[in-house]
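If you want the building blocks of each chain, they are given just below.
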Amino acid sequence: MIDMKKYIVLSLELHLFFARIMKEHALFLKAGFTPVNQDFAKEAEFYKREFEKLLRRSIFLSDGIIDRCVLSSGELVTEFTANAEKQTQSFTGIQIDREITRMESRLRCGDPACIKPNLFRQIKQLNQTALRLLNGLIGFKEKILHRMLNCSMFTMNYPLLIEHIIREAKLYQTFLSNAERGVDLDGQSMRETEIFWNQIMMEHAMFIRGLLDPAEDELVNASHNFAEEYASLLSRARAANNESMIHQESLKETLKFREFKTAGVKGIEACEIRSIILPLLADHVLREANHYIRLLNK
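Residues numbered from 1 in each chain as written. Predicted model: local features only at pLDDT ≥ 70, side-chain atom pairs only at ≥ 80, totals over all residues. Heavy atoms only, no water.

All right, on to the overall build of the chain then. The helix and strand tally for the chain stands at eleven helices and zero strands. Taking 298 residues into account, the globule formula puts the C-alpha radius of gyration at 19 Å, and the chain, at 19 Å, falls close to it. Sorting the 298 residues of the chain into buried and exposed places 55% on the buried side. Sequence-distant contacts, at least 24 apart, represent 84% of the contacts inside the chain between residues at least 6 apart. Across the chain, the mean location of the 40 positive side-chain charges is 6 Å away from that of the 40 negative side-chain charges. (Helix = DSSP H or I, 4+ residues; strand = E, 2+ residues; numbered from the N terminus. Rg over C-alpha atoms; globule rule 2.2 N^0.38 Å. Buried < 20%, exposed > 50% of the residue type's maximum accessible area, 1.4 Å probe, protein only. Contact = heavy atoms within 4.5 Å. Lys, Arg positive; Asp, Glu negative; His and termini not counted. Charge placed at Lys NZ, Arg CZ, Asp CG, Glu CD.)

Right, let's get into the nonpolar core. Phe51, Tyr172 and Trp197 are the most contacted members of the largest nonpolar core, which totals 99 residues. Looking at which element gives the most residues to this core, the answer is helix H1 (residues 4-32), with 15 residues. Residues in contact with Phe51, not counting those within four places in the same chain, are Ala19, Met22, Lys23, Leu133, Leu134, Leu137 and Tyr172. (Core = buried A, V, L, I, M, F, W, Y, C linked by side-chain atoms within 4.5 Å.)

To continue, consider the pattern of salt bridges. Evaluated as defined, the whole model comprises 24 salt bridges. For Lys30, the salt bridge goes to Glu45, with nearest N and O atoms at 3.0 Å. In this pair, Lys30 is assigned in helix H1 and Glu45 in helix H2 (residues 38-62), connecting sequence segments 15 residues apart. Assessed through its relative accessible area of 24%, Lys30 is described here as partly exposed. Looking at Glu45, the relative accessible area reads 10%, which means it is buried. A salt bridge links Glu142 to Lys170, with the nearest nitrogen and oxygen atoms 3.2 Å apart. (Salt bridge = Lys/Arg side-chain N within 4 Å of Asp/Glu carboxyl O.)

Regions with low pLDDT should not have their predicted coordinates read in detail. Counting all residues, the mean pLDDT for the chain is 94, and 96% of those residues have values of 70 or more. Here helix H10 (residues 243-269) stands out as the least confident element of the chain, with mean pLDDT 92; helix H4 (residues 81-92) is the most confident, with 98. (pLDDT = per-residue confidence, 0-100.)

Here we take up unusual backbone geometry. Look at Cys151: it is not a glycine, yet its phi comes out positive at around 55°. The class of Cys151 is exposed, set by a relative accessible area of 71%. Positive phi, close to 60°, is recorded for Cys271, a residue that is not glycine. Relative to the elements of secondary structure, Cys271 occurs in the loop between H10 and helix H11 (279-297).

Taking 1.5 Å as the rise per residue, H4 with twelve residues should run 16 Å; its terminal C-alpha atoms sit 16 Å apart, in good agreement. Taken together, the buried positions of H4 are occupied by Thr81, Ala84, Glu85, Gln87, Thr88 and Gln89. Downstream of H4 by a residue or two, Gly93 has a phi angle that is positive, lying close to 75°. (Expected span 1.5 Å × (residues − 1).)

Moving on to helix H6 (residues 119-149). When the terminal C-alpha atoms of H6 are compared, their 44 Å separation across 31 residues agrees well with the 45 Å that a helix rising 1.5 Å per residue should span. The positive-phi residue at the C-terminal boundary of H6 is Cys151, with phi of around 55°.

Of note, Asn37 is situated in the loop between H1 and H2. The buried category is assigned to Asn37, whose relative accessible area is 10%. Once residues lying within four places of it in the same chain are set aside, the contact partners of Asn37 are Met153 and Phe154.

The subject of this paragraph is the packing of aromatic side chains. Centre distance and the angle of the planes are the two values used to describe a pair of aromatic rings. In this structure the tally under the stated criterion is 16 aromatic pairs. Residues Phe18 and Tyr172 carry aromatic rings whose centres are separated by 5.1 Å and whose planes lie at 15° to one another, so their mutual orientation is stacked. Taken as a pair, Phe18 in helix H1 and Tyr172 in helix H7 (residues 159-180) lie far apart in primary sequence, 154 residues in all. For the pair formed by Phe18 and Tyr172, the shared burial category is buried. With centroids separated by 5.2 Å and ring planes inclined at 80°, the aromatic side chains of Phe196 and Trp197 adopt a geometry described as edge-to-face. Assigned by exposure class, Phe196 and Trp197 land together as buried. Clustering of aromatic rings is evident, with ring pairs tying together Phe17, Phe18, Tyr172, Phe196, Trp197 and Tyr292. (Phe/Tyr/Trp six-rings, centres within 6.5 Å; stacked < 30°, edge-to-face > 60°.)

See below:
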């Protein structure tokens, strides 16, 4: 049974990372729709705004509580996030609440011992709000995927990307549901964590490979190689008896992939890489690598 203070801290850490991921998923969905699907674009905008509200509330409640290793991990914001949001808003015309990034970058770490009991009720309400929003967002994503696979909708996003973002939303949903049932949020085994995130990293490499200009031979080949390496790690993690061996290889590969993604964000923001990758998408996948590295280092 999870204790109250751990419930509060881990719930807030979940929201600080995943609520941002969800609002960006909604933005990427909206940016990918064609004019004939304006009703879907409006629904994506709704979820973007609602998760922005959830993230704002989470930041307000988190100041002086969150662990230093989370704040310094680069999974919440990076040095590139603010500019990535500015450029993406300019390119798409989709409004982004950029004050959230400034707020999140100013968060202070703290001591869970200082948590006041009245915070428990506020976190419970926050978690219930998140679960309600996630139920709707997952259903929305599944509706899009169904239409794409039945050739009744065209969007600039790959079907695999929709499946990818459904899985991430369901992971967030599972963690929150477990928290509300009193299950420790650290209960996922490292093997389960590696299987999930190695698949996510593999698909990131595949998406990058497919969104780069074909003339970017070196970067396309590097992306392909990362996809192959993660496919191998994923297969071995599923069959492994020795978790520690795969663990070290996953960490080593993800540190290398983070370097590649960091160079990618820099190049895309500086207009030095030919691609159809939104700057915020490049920063988004970098933050997910940072999150995975923190989990591997726990």
